[in-house]
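# Structural features, examined
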Amino acid sequence: MELLREVVESFVRLVKSDVHSGATLVATDNVFEVTNVPSVVLQGPTLSEDSARRTSAMLVNRNESDMTFEECRHPRLYHLDFDVIVTCGNEPDLLDITGKLLRFYQLHTALAVGSYGSLNLTELTPLGGLKRVNLSNLRQASGRCRIEDCPVYDGRIQSGKLVADANIELGMMEETN
């Protein structure tokens, strides 16, 4: 499975377990309709490259027990931004979910992603900080969060054998006149 997909799925699972079990992922700029309240919609991700950390260096993994290596380019790092939209039927429910989301960002400053490790999770705009068009009589608030520096590899891997023994002979060259 691609790492980008694994990161997004891990984030959605975490929001479902800690904020609202009915949290839903919606693609960026898609029109969506909330049918059940309260609801938490994660809209995104919107990707932006962390170009200051781009490098042309190569990653090399050596397996000395098998005497092999794998080499690939360093991944490009992308920030994944999500709009978090909460819709409730009344103000007390909206405040309850807002409190859960605030605690969520305090408790989860990093997102664990399987065997990869973890990526920073930051709140960019607190819930209620973004303006949204609300065409219903429901109560809504929205904010934005970011998963930082998600690596995306180009998929090209070179592999080969490590050099076990190197015999180098140095000799003197004869001088000719």
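Fair warning: this is a prediction, and the values are worked out from it, not measured in the lab. (Residues numbered from 1 in each chain as written. Predicted model: local features only at pLDDT ≥ 70, side-chain atom pairs only at ≥ 80, totals over all residues. Heavy atoms only, no water.)

### What to know about the nonpolar core
Burial of nonpolar side chains together is a common tendency in soluble globular proteins. Grouped together as the largest cluster of nonpolar side chains are 30 residues, with contacts concentrated most on Val 7, Phe 11, Phe 104 and Ile 147. Elements supplying a minimum of two residues to this core: α1 (3-18), β2 (39-49), β5 (76-88), α2 (91-107), β6 (110-113), β7 (117-125) and β8 (139-152). Tallying contributions element by element places α1 first for this core, with seven residues. If we ignore the near neighbours within four places in the chain, the residues touching Val 7 are Leu 80, Leu 111, Val 113, Leu 119, Ile 147 and Cys 150. (Core = buried A, V, L, I, M, F, W, Y, C linked by side-chain atoms within 4.5 Å. Buried < 20%, exposed > 50% of the residue type's maximum accessible area, 1.4 Å probe, protein only. Helix = DSSP H or I, 4+ residues; strand = E, 2+ residues; numbered from the N terminus. Contact = heavy atoms within 4.5 Å.)

### Thoughts on the pattern of salt bridges
Per the counting criterion, the structure on display carries nine salt bridges. Asp 149 serves as the salt-bridge partner of Arg 53, at 2.5 Å between the closest nitrogen and oxygen. On the criterion of sequence distance, the pair formed by Arg 53 in the loop between β2 and β3 (58-63) and Asp 149 in strand β8 is long-range, its members being 96 residues apart. What makes Asp 149 buried here is its relative accessible area of 14%. (Salt bridge = Lys/Arg side-chain N within 4 Å of Asp/Glu carboxyl O.)

### Quick word on the side chain of Thr 125
Considering the arrangement of structural elements, one finds Thr 125 in strand β7. Apart from residues lying up to four places away in sequence, Thr 125 is in contact with Leu 130, Gly 143 and Arg 144.

### Overview of the packing of aromatic side chains
What the rule picks out here adds up to two aromatic pairs. Aromatic pair Phe 11 and Phe 82: ring centres 4.8 Å apart, planes at 40 degrees, arrangement tilted. In this pair, Phe 11 is assigned in helix α1 and Phe 82 in strand β5, connecting sequence segments 71 residues apart. Where Phe 104 meets Tyr 105, the ring centres are 5.7 Å apart and the plane angle is 65 degrees; that geometry is what we call edge-to-face. This pair shows no difference in class: Phe 104 is buried, exactly as Tyr 105 is. (Phe/Tyr/Trp six-rings, centres within 6.5 Å; stacked < 30°, edge-to-face > 60°.)

### Side note on the sheet that holds strand β4 (residues 68-73)
Within the open sheet, the three strands sit side by side as β3-β4-β9. Their pairing is antiparallel. Unpaired on one side and paired on the other, β3 and β9 (158-161) mark the two borders of the sheet. Pairs of neighbouring strands in the sheet enclose a mean axial angle of 20 degrees, with direction left out of account. Bridge count for β4 against β9 is four bridges, and the pairing is antiparallel. Its bridge partner lying in β9, Phe 69 is registered against Gly 160. (Pairing = 2+ DSSP bridges. Axes fitted to C-alpha atoms, helices over the stretch in contact; angles between N-to-C directions.)

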